[in-house]
Amino acid sequence: MIKIGTFIRSTPRINKEHLLEQIDRLIVDGMTADQIAEMEEVLGESNRDFITTACEVRLTRRKSNMDIAMIGLGKMGTNMATRLLRGGHRVVVYDIDEAASRSAVAYGAEGALSLAGVVRKLSSPRSIWLMLPAGQITDETIQSLAELLSPGDTLIDGGNSNYKETQRRGQALKEKDLYLIDVGTSGGIWGLTEGYSLMIGGKAEVVEHHRAIFETLAPAPDQGWGHVGPSGAGHFVKMIHNGIEYGMMQAYAEGFEILKAKREFDLSLGQIAEIWRYGSVVRSWLLDLTARALAEDEDLKNIKAWVPDSGEGRWTVVEAIDLDISAPVITMALQRRLRSREEEPFSDRLLAALRSQFGGHAVKHESG
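Structural notes, computed from the coordinates. On a predicted model such as this, the values are computed, not experimentally measured, just so you know. (Residues numbered from 1 in each chain as written. Predicted model: local features only at pLDDT ≥ 70, side-chain atom pairs only at ≥ 80, totals over all residues. Heavy atoms only, no water.)

Remarks on the overall build of the protein chain
To be explicit about the condition: Where helices and strands are cited, they refer to DSSP runs of H or I of at least four residues and of E of at least two residues respectively, numbered from the N terminus. Only protein chains enter the calculation, and the probe is 1.4 Å; a residue is then buried if its accessible area is under 20% of its type maximum, exposed if over 50%, and partly exposed in between. Any two residues whose heavy atoms approach within 4.5 Å at even a single point are treated as in contact. Here, Shrake-Rupley sampling with a 1.4 Å probe gives the accessible areas, and only protein chains in the shown set may cover a residue.
Assigned secondary structure in the protein chain consists of 18 helices and eight strands. A buried classification covers 41% of the 368 residues belonging to the protein chain. Considering only contacts within the protein chain whose residues lie at least 6 apart along the sequence, 64% involve residues at least 24 apart. Of the roughly 21300 Å² that the protein chain leaves accessible, carbon and sulfur atoms contribute 54%.

Right, dumping it as structure tokens:
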């Protein structure tokens, strides 16, 4: 174990950032009260409050750390595992892509070669976070794990599952005395550095038991996360979140296309995006990303006008219909994405043909 007094005396120009790094190293080894006292004595009265506070915060954080597994190491899963590791948690990882697992292990995670291996590496009550595509793969993984886990263990679904599926899975796991927490997770590839927005559904006391995990993944321990309701509520809130996102993105896209079409003013879209980012009522993180994309290529000439949808927008529109709620903006934003993926839509061909039939209007014919 490092002798803290020797370290400080041998580093006369030590700064506080360097000192915090040293405290973190000591805590990993198991910092003692005697070491804290020695540190305060060596550094003197002027630094006493700083040292005491730093050590208390870090020791408290260390005591609250958890063991957790992360299954599914795509961009989101890998970054979340990394953020948890940086927060001091022990993370076991598994992915069918062994290269992804090896990459996470290089950052300090413990690798497993199978779902059974994941379970063996954790002590009960276990906590296993799934970061998998919605649908069959999530269903099959939960079913497989349910056969391996012990009563009182918890599965956390951080993917974009349909909330109705989550409710069904939660009930099935409850019958085996297992818990399911559903976490609508937003943050994308920026979550590693900025933190994730976490919308959490499940039994209140089970959610509370995992507070340390959520506080680490969120932008701040007291910001950007919350228990929103029972099983399924987290995924429902995330579904609506993504529906709103569709509408916001479509509004930005249409507005900037109108700006681009007004050629007489020779407008710079990148400049306008930067102006709007500060003080404007339409400023947002999506606008920040718009400005970033336009700075890279203002004409977006290397990007095909083909926009996928991942399902949540569709589910939001269906939910609105089921609840008799008018949601024209989200609905049209979804329809616009669908249309972007149609090349030479048959409906437009038929419209042109009809105009020719009833009015003799000219039509453009395919060349050749």
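Continuing now.
Description of the pairing of strand 2 (residues 90-94)
Remember that side chains alternate between the two faces of the sheet whenever the strand is regular. Going by this rule: If DSSP finds at least two bridges between two strands, the strands pair. Seen with its strands pointing away from the viewer, a crossover is right-handed if its path from the first strand over the helix to the second goes clockwise.
The element strand 2 is largely enclosed, with a buried count of four among its five residues. Note: strand 1 (residues 67-71) against strand 2, five bridges, orientation parallel. Directly across from I71, in strand 2, lies its bridge partner Y94. Following the backbone out of strand 1, through helix 5 (residues 75-86) and into the adjacent parallel strand 2, one traces a crossover that is right-handed.

With respect to the nonpolar core
The cut-off we apply is this: Side-chain atoms within 4.5 Å are what join buried Ala, Val, Leu, Ile, Met, Phe, Trp, Tyr and Cys residues into a set we call a nonpolar core.
Membership of the largest hydrophobic core comes to 29 residues, with the highest contact counts inside it found for M70, W129 and F214. Among the elements of the structure, strand 1, helix 5, strand 2, helix 6 (98-106), strand 6 (179-186), strand 7 (197-201), helix 11 (204-209) and helix 12 (211-217) are those that each provide at least two residues to this core. Once residues within four sequence positions are removed from consideration, W129 is found in contact with I68, A69, M70, I71, M80, I156, G158, V183, T185, I213, F214 and L217. If you look at the next biggest cluster of nonpolar residues, it comprises 20 residues, including Y94, A112, L115 and V118.

With respect to the packing of aromatic side chains
This is how the line gets drawn: Between rings of Phe, Tyr and Trp, where Trp is taken as its six-membered ring, a pair exists when centres lie within 6.5 Å; planes separated by under 30 degrees are stacked, by over 60 edge-to-face, and by other angles tilted. For a Lys NZ or an Arg CZ to count as sitting over a ring, it must be within 6 Å of the ring centre and within 35 degrees of the ring normal.
By the definition in use, this model includes four aromatic pairs. On the numbers, 5.7 Å between centres and 35° between planes, the contact of F214 with W225 is tilted. Taken as a pair, F214 in helix 12 and W225 in strand 8 (residues 225-229) lie far apart in primary sequence, 11 residues in all. We note that F214, like W225, is buried. Feature note: the residues W129, F214 and W225 constitute an aromatic cluster, connected by ring pairs. Over the ring of Y246 we find R337, and its NZ or CZ is 3.7 Å from the ring centre.

A closer look at a nonpolar patch on the surface
Filter applied, for reference: Two joining distances apply to patches: 9 Å for like charges and 5 Å for nonpolar side chains (Val, Leu, Ile, Met, Phe, Trp, Tyr), and every residue must have over 30% relative accessible area and no salt bridge. In what follows, salt bridge is the name for a side-chain nitrogen of Lys or Arg lying within 4 Å of a carboxyl oxygen of Asp or Glu.
A contiguous nonpolar surface patch, about 580 Å² in accessible area, is contributed by F346, L350, L351, L354 and F358. On the secondary structure map, L351 appears in helix 18 (residues 346-359). We classify L351 as exposed; its relative accessible area is 52%.

Quick notes on the packing of helix 13 (residues 233-261) against helix 15 (residues 285-296)
Where we set the bar: Here an axis means a line fitted to C-alpha atoms, over the contact stretch when the element is a helix, while the angle between two N-to-C directions is reported on a 0 to 180 degree scale. Comment on the angle field: the value is read as roughly parallel under 35 degrees, roughly antiparallel over 145, roughly perpendicular from 65 to 115, and oblique elsewhere. By definition, any crossing whose near helix is turned counterclockwise from its far helix by less than a right angle is left-handed, and any crossing with a clockwise turn is right-handed. Three categories are distinguished: nonpolar for Ala, Val, Leu, Ile, Met, Phe, Trp, Tyr, Cys and Pro, charged for Asp, Glu, Lys and Arg, and polar for the others, with Gly belonging to the last.
The contact between helix 13 and helix 15 brings their axes to 11 Å, and the two run at 45°. Looking at the two axes, helix 13 sits oblique to helix 15. Helix-helix and strand crossings are classified by hand; for helix 13 and helix 15 the assignment is right-handed. Taken together, the residues of helix 15 that come into contact with helix 13 (itself represented by M248, M249, Y252 and F256) are L286, L287, T290 and L294. In the contact of helix 13 with helix 15, the residues fall into seven nonpolar, one polar and no charged.

Details of the pattern of salt bridges
In the structure shown here, the tally under the stated rule is 23 salt bridges. D139 is the salt-bridge partner of R168, the closest N and O atoms lying 3.0 Å from each other. You can see R168 sitting in helix 9 (residues 163-174) and its partner D139 sitting in helix 8 (residues 136-146), a full 29 residues away along the chain. In this structure, the salt-bridge partner of R339 is D348, at a minimum N-O distance of 2.3 Å. Classification of R339 by relative accessible area gives partly exposed; the value is 32%. Each of D139, D157, E165, R168 and R169 takes part in one network of salt bridges that share partners.

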